[in-house]
Amino acid sequence: MAITREAVMEVLKGVMDPELHRSVVDLNMVKDIAIEDTAVAVTINLTVPGCPLKATFQRDVDQKIREAIPEVTAVQVNFGSMSDTERAEVANKMRGGGGAPTPTAATAQIAAKYRIIGIASGKGGVGKSTSTVNLAVAMSKLGYKVGVLDCDIYGFSIPRMMGNMNRPVVLDENTIVPLENHGIRFISAGSLVDEDTPIIWRGPMLGKMLEQFLTNVLWGDIQYLLLDLPPGTGDVALSIAQMLPRTDLVIVTTPQAAAAQVASRVGNMAQRTNQKVLGIIENMAYFVCDNCTKEHHIFGKGGAEALAHNLSTEVIARIPLEGEVRLGGDVGDPVTIDQPDSLAAKAYLEAAERLVKLAPPPVYSEELKLV
(Lines give C-alpha, C1' and ligand atoms only; values in the text may rest on other atoms or scores of the structure.)
Protein backbone atom coordinates (compact mmCIF):
# COMPACT_ATOMS: atom_id res chain seq x y z
CA MET A 1 0.00 0.00 0.00
CA ALA A 2 1.37 3.42 -1.00
CA ILE A 3 2.28 5.87 1.73
CA THR A 4 0.45 9.15 1.17
CA ARG A 5 0.88 12.64 2.53
CA GLU A 6 -2.75 12.63 3.64
CA ALA A 7 -2.21 9.46 5.69
CA VAL A 8 0.85 10.91 7.40
CA MET A 9 -0.97 14.17 8.14
CA GLU A 10 -3.85 12.22 9.68
CA VAL A 11 -1.40 10.43 11.97
CA LEU A 12 0.23 13.73 12.98
CA LYS A 13 -3.12 14.95 14.31
CA GLY A 14 -2.37 12.70 17.29
CA VAL A 15 0.98 14.38 18.04
CA MET A 16 0.55 16.98 20.75
CA ASP A 17 2.70 19.98 21.47
CA PRO A 18 3.87 19.10 25.01
CA GLU A 19 3.63 22.72 26.17
CA LEU A 20 0.45 23.87 24.43
CA HIS A 21 -1.36 20.50 24.72
CA ARG A 22 -2.82 20.86 21.22
CA SER A 23 -2.25 18.89 18.01
CA VAL A 24 0.69 20.01 15.88
CA VAL A 25 -1.68 19.86 12.89
CA ASP A 26 -4.28 22.02 14.62
CA LEU A 27 -1.56 24.58 15.45
CA ASN A 28 -0.22 24.58 11.87
CA MET A 29 3.19 23.41 13.06
CA VAL A 30 3.64 20.85 10.26
CA LYS A 31 5.61 22.71 7.60
CA ASP A 32 6.37 19.88 5.19
CA ILE A 33 5.96 16.16 4.60
CA ALA A 34 8.27 14.42 2.13
CA ILE A 35 7.87 10.78 1.10
CA GLU A 36 10.45 8.72 -0.79
CA ASP A 37 9.60 5.05 -1.23
CA THR A 38 9.07 3.85 2.39
CA ALA A 39 10.90 6.74 4.08
CA VAL A 40 9.04 9.74 5.53
CA ALA A 41 10.53 13.13 6.43
CA VAL A 42 8.46 15.54 8.50
CA THR A 43 9.37 19.18 9.18
CA ILE A 44 7.92 20.70 12.35
CA ASN A 45 7.97 24.45 12.90
CA LEU A 46 8.57 25.03 16.62
CA THR A 47 7.14 28.07 18.37
CA VAL A 48 10.65 29.18 19.33
CA PRO A 49 14.09 28.12 18.06
CA GLY A 50 16.11 25.98 20.42
CA CYS A 51 13.02 24.46 22.03
CA PRO A 52 14.19 22.02 24.75
CA LEU A 53 11.40 19.60 23.82
CA LYS A 54 12.72 18.64 20.39
CA ALA A 55 13.42 15.12 21.61
CA THR A 56 9.78 14.75 22.65
CA PHE A 57 8.57 15.75 19.19
CA GLN A 58 11.12 13.42 17.57
CA ARG A 59 9.97 10.45 19.64
CA ASP A 60 6.23 11.07 19.27
CA VAL A 61 6.31 11.64 15.50
CA ASP A 62 8.50 8.59 14.90
CA GLN A 63 6.44 6.34 17.16
CA LYS A 64 3.00 7.32 15.89
CA ILE A 65 3.92 7.11 12.20
CA ARG A 66 5.51 3.68 12.56
CA GLU A 67 2.59 2.34 14.60
CA ALA A 68 -0.12 3.66 12.26
CA ILE A 69 1.64 3.01 8.93
CA PRO A 70 3.61 -0.27 9.14
CA GLU A 71 4.94 0.20 5.60
CA VAL A 72 7.17 3.07 6.79
CA THR A 73 10.75 1.91 7.36
CA ALA A 74 12.41 5.23 8.21
CA VAL A 75 11.21 8.46 9.81
CA GLN A 76 13.21 11.68 9.79
CA VAL A 77 12.07 14.69 11.80
CA ASN A 78 13.42 18.12 10.88
CA PHE A 79 12.81 21.34 12.77
CA GLY A 80 12.25 24.94 11.83
CA SER A 81 10.87 27.86 13.82
CA MET A 82 7.77 29.99 13.43
CA SER A 83 7.78 33.60 12.36
CA ASP A 84 6.34 36.29 14.60
CA THR A 85 3.17 36.25 12.52
CA GLU A 86 2.81 32.48 12.83
CA ARG A 87 3.32 32.64 16.61
CA ALA A 88 0.65 35.35 16.81
CA GLU A 89 -1.73 33.07 14.91
CA VAL A 90 -1.02 30.24 17.36
CA ALA A 91 -1.60 32.62 20.29
CA ASN A 92 -4.93 33.72 18.82
CA LYS A 93 -5.96 30.10 18.28
CA MET A 94 -5.03 29.19 21.87
CA ARG A 95 -7.14 32.08 23.14
CA GLY A 96 -10.09 30.78 21.16
CA GLY A 97 -9.79 33.20 18.25
CA GLY A 98 -11.18 36.13 20.20
CA GLY A 99 -7.99 38.16 20.47
CA ALA A 100 -6.55 39.37 23.75
CA PRO A 101 -9.32 40.02 26.30
CA THR A 102 -9.32 43.11 28.44
CA PRO A 103 -7.72 42.53 31.86
CA THR A 104 -11.00 43.02 33.73
CA ALA A 105 -12.89 40.57 31.54
CA ALA A 106 -10.04 38.07 31.66
CA THR A 107 -9.66 38.08 35.44
CA ALA A 108 -13.43 37.70 35.80
CA GLN A 109 -13.33 34.71 33.47
CA ILE A 110 -10.47 33.15 35.42
CA ALA A 111 -12.36 33.61 38.68
CA ALA A 112 -15.32 31.80 37.12
CA LYS A 113 -13.42 29.07 35.31
CA TYR A 114 -10.98 27.84 37.98
CA ARG A 115 -11.23 27.15 41.69
CA ILE A 116 -8.65 29.57 43.05
CA ILE A 117 -7.03 28.90 46.41
CA GLY A 118 -4.45 31.24 47.91
CA ILE A 119 -1.82 29.70 50.18
CA ALA A 120 -0.98 32.40 52.71
CA SER A 121 1.07 32.95 55.86
CA GLY A 122 1.62 35.68 58.37
CA LYS A 123 5.41 35.52 58.16
CA GLY A 124 8.10 33.96 56.01
CA GLY A 125 9.91 30.73 56.74
CA VAL A 126 6.91 28.68 57.85
CA GLY A 127 6.76 26.46 54.74
CA LYS A 128 4.14 28.26 52.66
CA SER A 129 5.76 27.65 49.25
CA THR A 130 6.64 24.08 50.20
CA SER A 131 3.01 23.51 51.11
CA THR A 132 1.81 25.09 47.87
CA VAL A 133 3.93 22.78 45.72
CA ASN A 134 3.11 19.63 47.67
CA LEU A 135 -0.61 20.42 47.78
CA ALA A 136 -0.56 20.93 44.01
CA VAL A 137 1.13 17.58 43.44
CA ALA A 138 -1.19 15.83 45.92
CA MET A 139 -4.27 17.27 44.19
CA SER A 140 -2.85 16.13 40.86
CA LYS A 141 -2.48 12.63 42.29
CA LEU A 142 -6.18 12.75 43.15
CA GLY A 143 -6.90 13.24 39.45
CA TYR A 144 -7.27 17.03 39.24
CA LYS A 145 -5.44 19.36 36.87
CA VAL A 146 -3.61 22.03 38.85
CA GLY A 147 -1.70 25.21 38.14
CA VAL A 148 0.48 27.27 40.48
CA LEU A 149 0.92 31.04 40.27
CA ASP A 150 3.88 32.34 42.26
CA CYS A 151 2.58 35.65 43.62
CA ASP A 152 5.65 36.18 45.80
CA ILE A 153 7.38 38.48 43.31
CA TYR A 154 10.21 39.52 45.64
CA GLY A 155 10.76 36.15 47.30
CA PHE A 156 10.00 33.73 44.45
CA SER A 157 10.95 30.10 45.02
CA ILE A 158 8.47 28.06 42.97
CA PRO A 159 10.75 27.40 39.94
CA ARG A 160 13.41 25.72 42.09
CA MET A 161 10.85 23.81 44.13
CA MET A 162 9.13 22.64 40.94
CA GLY A 163 12.44 21.53 39.44
CA ASN A 164 12.10 23.60 36.25
CA MET A 165 14.07 26.83 36.00
CA ASN A 166 13.70 27.32 32.25
CA ARG A 167 12.27 30.45 30.63
CA PRO A 168 8.63 30.26 29.48
CA VAL A 169 7.71 30.39 25.80
CA VAL A 170 6.25 33.79 24.86
CA LEU A 171 4.06 33.50 21.75
CA ASP A 172 3.28 37.23 21.56
CA GLU A 173 2.99 40.21 23.90
CA ASN A 174 -0.29 38.87 25.28
CA THR A 175 0.38 35.13 25.41
CA ILE A 176 2.75 33.21 27.70
CA VAL A 177 2.98 29.42 27.85
CA PRO A 178 3.33 28.28 31.48
CA LEU A 179 6.18 26.02 32.49
CA GLU A 180 5.40 22.51 33.64
CA ASN A 181 6.86 19.75 35.77
CA HIS A 182 5.43 16.87 37.81
CA GLY A 183 2.17 17.39 35.89
CA ILE A 184 1.77 20.91 37.33
CA ARG A 185 1.70 24.08 35.22
CA PHE A 186 3.23 27.15 36.84
CA ILE A 187 4.51 30.66 36.28
CA SER A 188 6.73 32.85 38.43
CA ALA A 189 8.73 36.05 38.28
CA GLY A 190 11.63 33.70 38.96
CA SER A 191 10.98 32.13 35.55
CA LEU A 192 11.80 35.46 33.89
CA VAL A 193 15.05 36.41 35.66
CA ASP A 194 18.12 34.66 37.02
CA GLU A 195 17.59 33.12 40.43
CA ASP A 196 19.92 35.54 42.24
CA THR A 197 18.57 38.68 40.51
CA PRO A 198 16.56 40.91 42.87
CA ILE A 199 13.29 42.43 41.68
CA ILE A 200 13.12 46.01 42.89
CA TRP A 201 9.65 47.34 42.13
CA ARG A 202 7.06 49.48 43.81
CA GLY A 203 3.59 48.20 44.70
CA PRO A 204 1.67 49.17 41.52
CA MET A 205 4.15 47.25 39.36
CA LEU A 206 3.56 44.11 41.41
CA GLY A 207 -0.15 44.29 40.74
CA LYS A 208 0.47 44.76 37.03
CA MET A 209 2.68 41.67 36.83
CA LEU A 210 0.11 39.57 38.67
CA GLU A 211 -2.56 40.80 36.28
CA GLN A 212 -0.40 39.76 33.32
CA PHE A 213 0.27 36.35 34.86
CA LEU A 214 -3.47 35.87 35.33
CA THR A 215 -4.66 37.18 31.97
CA ASN A 216 -1.81 36.35 29.58
CA VAL A 217 -0.74 32.89 30.72
CA LEU A 218 -2.33 29.96 28.88
CA TRP A 219 -3.53 28.02 31.91
CA GLY A 220 -5.65 25.79 29.67
CA ASP A 221 -7.83 23.06 31.15
CA ILE A 222 -6.68 23.21 34.77
CA GLN A 223 -9.35 22.96 37.45
CA TYR A 224 -7.47 24.45 40.41
CA LEU A 225 -5.15 27.45 40.47
CA LEU A 226 -3.08 27.68 43.65
CA LEU A 227 -1.60 31.06 44.48
CA ASP A 228 1.64 31.10 46.45
CA LEU A 229 1.06 34.42 48.20
CA PRO A 230 3.80 36.49 49.84
CA PRO A 231 3.70 36.53 53.64
CA GLY A 232 1.66 39.17 55.37
CA THR A 233 -1.11 41.53 54.33
CA GLY A 234 0.59 43.84 51.84
CA ASP A 235 -0.04 45.08 48.31
CA VAL A 236 -0.17 41.67 46.63
CA ALA A 237 -2.76 40.29 49.04
CA LEU A 238 -4.95 43.35 48.43
CA SER A 239 -4.51 43.12 44.64
CA ILE A 240 -5.55 39.47 44.65
CA ALA A 241 -8.61 40.23 46.77
CA GLN A 242 -9.64 42.90 44.26
CA MET A 243 -8.85 40.99 41.04
CA LEU A 244 -10.06 37.58 42.22
CA PRO A 245 -12.77 38.17 44.81
CA ARG A 246 -13.76 34.49 44.88
CA THR A 247 -10.34 33.40 46.13
CA ASP A 248 -10.38 31.04 49.12
CA LEU A 249 -7.41 30.85 51.48
CA VAL A 250 -5.37 28.23 53.27
CA ILE A 251 -3.15 29.65 56.01
CA VAL A 252 0.19 28.01 56.81
CA THR A 253 1.69 28.42 60.25
CA THR A 254 3.90 26.62 62.73
CA PRO A 255 2.75 25.45 66.19
CA GLN A 256 4.55 28.35 67.87
CA ALA A 257 2.08 30.73 69.48
CA ALA A 258 3.89 33.79 68.13
CA ALA A 259 3.71 32.48 64.54
CA ALA A 260 0.03 31.65 64.88
CA GLN A 261 -0.68 35.11 66.26
CA VAL A 262 0.97 36.74 63.23
CA ALA A 263 -0.98 34.42 60.93
CA SER A 264 -4.23 35.55 62.53
CA ARG A 265 -3.76 38.95 60.86
CA VAL A 266 -4.04 37.26 57.47
CA GLY A 267 -7.25 35.56 58.58
CA ASN A 268 -8.69 38.83 59.85
CA MET A 269 -7.85 40.51 56.54
CA ALA A 270 -9.59 37.67 54.68
CA GLN A 271 -12.74 38.29 56.67
CA ARG A 272 -12.65 41.99 55.79
CA THR A 273 -12.19 41.24 52.08
CA ASN A 274 -14.92 38.56 52.08
CA GLN A 275 -12.51 35.71 51.43
CA LYS A 276 -13.11 32.34 53.04
CA VAL A 277 -10.38 30.63 55.06
CA LEU A 278 -10.76 26.96 54.15
CA GLY A 279 -8.37 25.73 56.79
CA ILE A 280 -5.01 25.84 58.53
CA ILE A 281 -1.91 23.82 57.70
CA GLU A 282 0.37 23.39 60.69
CA ASN A 283 3.88 22.89 59.32
CA MET A 284 6.76 21.50 61.40
CA ALA A 285 4.05 20.29 63.76
CA TYR A 286 6.18 17.59 65.38
CA PHE A 287 9.30 15.49 64.96
CA VAL A 288 9.55 11.70 65.16
CA CYS A 289 13.09 10.52 65.82
CA ASP A 290 14.57 7.44 64.18
CA ASN A 291 14.66 5.46 67.43
CA CYS A 292 11.11 5.92 68.63
CA THR A 293 7.59 6.65 67.46
CA LYS A 294 6.96 9.47 69.92
CA GLU A 295 6.00 12.91 68.62
CA HIS A 296 8.38 15.60 69.83
CA HIS A 297 6.85 19.08 69.69
CA ILE A 298 9.98 21.12 69.07
CA PHE A 299 8.14 24.35 68.21
CA GLY A 300 5.41 23.98 70.78
CA LYS A 301 1.86 22.77 70.47
CA GLY A 302 -1.62 24.15 70.03
CA GLY A 303 -0.99 27.29 67.99
CA ALA A 304 -2.77 26.03 64.87
CA GLU A 305 -5.78 24.78 66.83
CA ALA A 306 -6.13 28.17 68.53
CA LEU A 307 -5.84 29.97 65.20
CA ALA A 308 -8.45 27.73 63.59
CA HIS A 309 -10.81 28.32 66.50
CA ASN A 310 -10.40 32.09 66.29
CA LEU A 311 -11.08 32.08 62.53
CA SER A 312 -13.97 29.59 62.71
CA THR A 313 -12.20 27.10 60.49
CA GLU A 314 -10.27 23.83 60.91
CA VAL A 315 -6.78 22.39 60.88
CA ILE A 316 -6.63 20.39 57.64
CA ALA A 317 -3.10 19.01 58.09
CA ARG A 318 -0.27 18.69 60.59
CA ILE A 319 2.97 18.30 58.63
CA PRO A 320 5.85 16.69 60.57
CA LEU A 321 9.37 18.07 60.56
CA GLU A 322 11.24 15.84 58.10
CA GLY A 323 14.52 16.40 56.29
CA GLU A 324 13.07 14.95 53.08
CA VAL A 325 10.61 17.85 52.85
CA ARG A 326 13.40 20.42 52.88
CA LEU A 327 15.58 18.40 50.51
CA GLY A 328 12.73 17.93 48.05
CA GLY A 329 12.21 21.67 47.88
CA ASP A 330 15.90 22.32 47.29
CA VAL A 331 16.27 19.88 44.40
CA GLY A 332 12.83 20.19 42.80
CA ASP A 333 11.47 16.79 43.85
CA PRO A 334 8.49 17.45 46.16
CA VAL A 335 8.21 14.96 49.01
CA THR A 336 4.76 13.94 47.74
CA ILE A 337 6.54 12.52 44.67
CA ASP A 338 9.95 11.52 45.97
CA GLN A 339 8.84 10.02 49.30
CA PRO A 340 5.13 9.22 48.88
CA ASP A 341 5.07 6.88 51.90
CA SER A 342 6.55 9.43 54.30
CA LEU A 343 4.44 10.95 57.07
CA ALA A 344 4.69 14.38 55.45
CA ALA A 345 3.56 13.16 52.03
CA LYS A 346 0.59 11.33 53.56
CA ALA A 347 -0.35 14.46 55.51
CA TYR A 348 -0.29 16.58 52.35
CA LEU A 349 -2.45 14.03 50.55
CA GLU A 350 -4.99 14.12 53.39
CA ALA A 351 -4.97 17.92 53.20
CA ALA A 352 -5.60 17.77 49.44
CA GLU A 353 -8.49 15.36 49.93
CA ARG A 354 -10.03 17.70 52.46
CA LEU A 355 -9.54 20.75 50.23
CA VAL A 356 -11.29 19.27 47.22
CA LYS A 357 -14.24 18.44 49.47
CA LEU A 358 -14.35 21.94 50.91
CA ALA A 359 -13.80 23.62 47.53
CA PRO A 360 -14.76 21.35 44.61
CA PRO A 361 -13.78 22.48 41.10
CA PRO A 362 -16.40 24.68 39.42
CA VAL A 363 -18.55 23.40 36.59
CA TYR A 364 -17.82 25.89 33.83
CA SER A 365 -18.84 26.48 30.26
CA GLU A 366 -18.79 29.54 28.00
CA GLU A 367 -22.60 29.62 28.16
CA LEU A 368 -23.07 29.02 31.89
CA LYS A 369 -19.80 30.73 33.01
CA LEU A 370 -20.13 29.26 36.52
CA VAL A 371 -22.39 26.66 38.03
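Computed from a prediction, not measured in an experiment: that's the story for all the values here.

(A) A look at the environment of Phe 299. Looking at where Phe 299 falls in the secondary structure, it is placed in the loop between strand 14 (295-296) and helix 10 (303-310). Phe 299 gets classed as partly exposed once you look at its relative accessible area, which sits at 34%. Between the C-alpha atoms of Phe 299 and Thr 336, which are 37 residues apart in sequence, the distance is 23 Å. Excluding residues that lie within four positions of it along the chain, Phe 299 makes contacts with Pro 255, Gln 256, Met 284 and Leu 321.

(B) Representation of the sheet that holds strand 1 (residues 30-36). Strand order in the open sheet made by the three strands is 1-2-3, with mixed pairing throughout. Two strands bound the open sheet, and with one partner strand each, they are strand 1 and strand 3 (74-81). Between one strand axis and the next, the sheet turns by 15° as a mean value, whatever way the strands run. With six bridges joining them, strand 1 and strand 2 (residues 39-46) adopt antiparallel strand pairing. Bridging across to strand 2, Ile 35 finds its partner in Val 40. Taken strand by strand, helix 1 (residues 5-12) contacts strand 1 and strand 2, and its axis lies near 135° from that of strand 1.

(C) Region of interest: the packing of helix 5 (residues 128-141) against helix 13 (residues 343-358). Packing of helix 5 against helix 13 brings their axes to within 9 Å, and their N-to-C directions diverge by 70°. Judged on the interaxial angle alone, helix 13 and helix 5 are roughly perpendicular. Taken together, the residues of helix 13 that come into contact with helix 5 (itself represented by Thr 130, Ser 131, Asn 134, Leu 135, Ala 138 and Met 139) are Tyr 348, Leu 349, Ala 351, Ala 352, Leu 355 and Val 356. For the contact of helix 5 with helix 13, a count of residues per class yields nine nonpolar, three polar and no charged.

(D) Up close: the packing of aromatic side chains. Tallying each qualifying case throughout the model produces two aromatic pairs. Ring plane angle 65° and centroid distance 6.5 Å describe the contact between Phe 57 and Phe 79, whose orientation is recorded as edge-to-face. In this pair, Phe 57 sits in helix 2 (residues 54-68) while Phe 79 sits in strand 3, placing the two residues 22 residues apart along the sequence. Relative accessible area serves as the criterion here: at 1%, Phe 57 is assigned to the buried category. Relative accessible area serves as the criterion here: at 27%, Phe 79 is assigned to the partly exposed category. Each ring, one from Tyr 144 and one from Tyr 224, has its centre 5.5 Å from the other, and the planes form 90°; the classification is edge-to-face. Note that Tyr 144 is positioned in the loop between helix 5 and strand 5 (146-150) and Tyr 224 in strand 10 (residues 224-228), a separation of 80 residues in sequence. The partly exposed category is assigned to Tyr 144, whose relative accessible area is 23%.

(E) Expanded view of the pattern of salt bridges. Considering all chains together, one arrives at 14 salt bridges under this definition. The partner of Glu 282 in a salt bridge is Arg 318, with the nearest N and O atoms 3.2 Å apart. One end of the pair, Glu 282, is in strand 12 (residues 277-282); the other, Arg 318, is in strand 15 (residues 315-318), with 36 residues separating them in the sequence. Residue classification places Arg 318 among the partly exposed positions, given a relative accessible area of 26%.

(F) Up close: the confidence of the model for the protein chain. Overall, the prediction assigns the protein chain a mean pLDDT of 86, with 92% of residues at 70 or greater. Residue range residues 365-371 is modelled with pLDDT below 50. Its contacts to residues more than four positions away, or to other chains, number ten contacts.

(G) Seen up close, the pairing of strand 2. Among the eight residues of strand 2, seven are classified as buried, and the element is accordingly described as predominantly covered. In terms of strand pairing, strand 2 meets strand 3 through eight bridges, oriented parallel. Residue Val 42 lies in a different strand from strand 3, and its bridge partner there is Val 77.

(H) Expanded view of the side chain of Asp 152. Structurally, Asp 152 can be placed in the loop between strand 5 and helix 6 (158-162). No salt bridge is formed by the buried Asp 152; its nearest oppositely charged neighbour, Lys 128, is found at 4.0 Å. A polar contact is formed between the side chain of Asp 152 and the backbone nitrogen of Gly 155, at a distance of 3.1 Å. Every residue in contact with Asp 152, bar those within four places of it in the chain, is listed here: Lys 128, Asp 228, Pro 230 and Pro 231.

(I) Summary view of unusual backbone geometry. Of note in the backbone geometry, His 21 takes a positive phi value of approximately 60° without being a glycine. Here His 21 lies in the loop between helix 1 and strand 1.

(J) Structural detail: the sheet that holds strand 4 (residues 115-121). Taken in spatial order, the eight strands line up as 8-9-5-10-4-11-12-15 in an open sheet, and their pairing is mixed. Two strands in the sheet have a free side with no partner beyond their single neighbour: strand 8 (179-181) and strand 15. Between one strand axis and the next, the sheet turns through 25° on average, direction left out of account. Strand direction decides the pairing type here: strand 4 and strand 10, joined by five bridges, are parallel. The residue of strand 10 that forms the bridge with Ile 119 is Asp 228. The strands touched by helix 10 are strand 11 (248-253), strand 12 and strand 15; relative to strand 12, the strand with the most contacts, the crossing angle is about 170°.

The rules behind each value
Residues numbered from 1 in each chain as written. Predicted model: local features only at pLDDT ≥ 70, side-chain atom pairs only at ≥ 80, totals over all residues. Heavy atoms only, no water. Helix = DSSP H or I, 4+ residues; strand = E, 2+ residues; numbered from the N terminus. Buried < 20%, exposed > 50% of the residue type's maximum accessible area, 1.4 Å probe, protein only. Contact = heavy atoms within 4.5 Å. Pairing = 2+ DSSP bridges. Axes fitted to C-alpha atoms, helices over the stretch in contact; angles between N-to-C directions. Parallel < 35°, antiparallel > 145°, perpendicular 65-115°, else oblique. Nonpolar A, V, L, I, M, F, W, Y, C, P; charged D, E, K, R; others polar. Phe/Tyr/Trp six-rings, centres within 6.5 Å; stacked < 30°, edge-to-face > 60°. Salt bridge = Lys/Arg side-chain N within 4 Å of Asp/Glu carboxyl O. pLDDT = per-residue confidence, 0-100. Lys, Arg positive; Asp, Glu negative; His and termini not counted. Polar contact = N/O pair within 3.5 Å; in protein donor to acceptor, adjacent residues only side chain to side chain.

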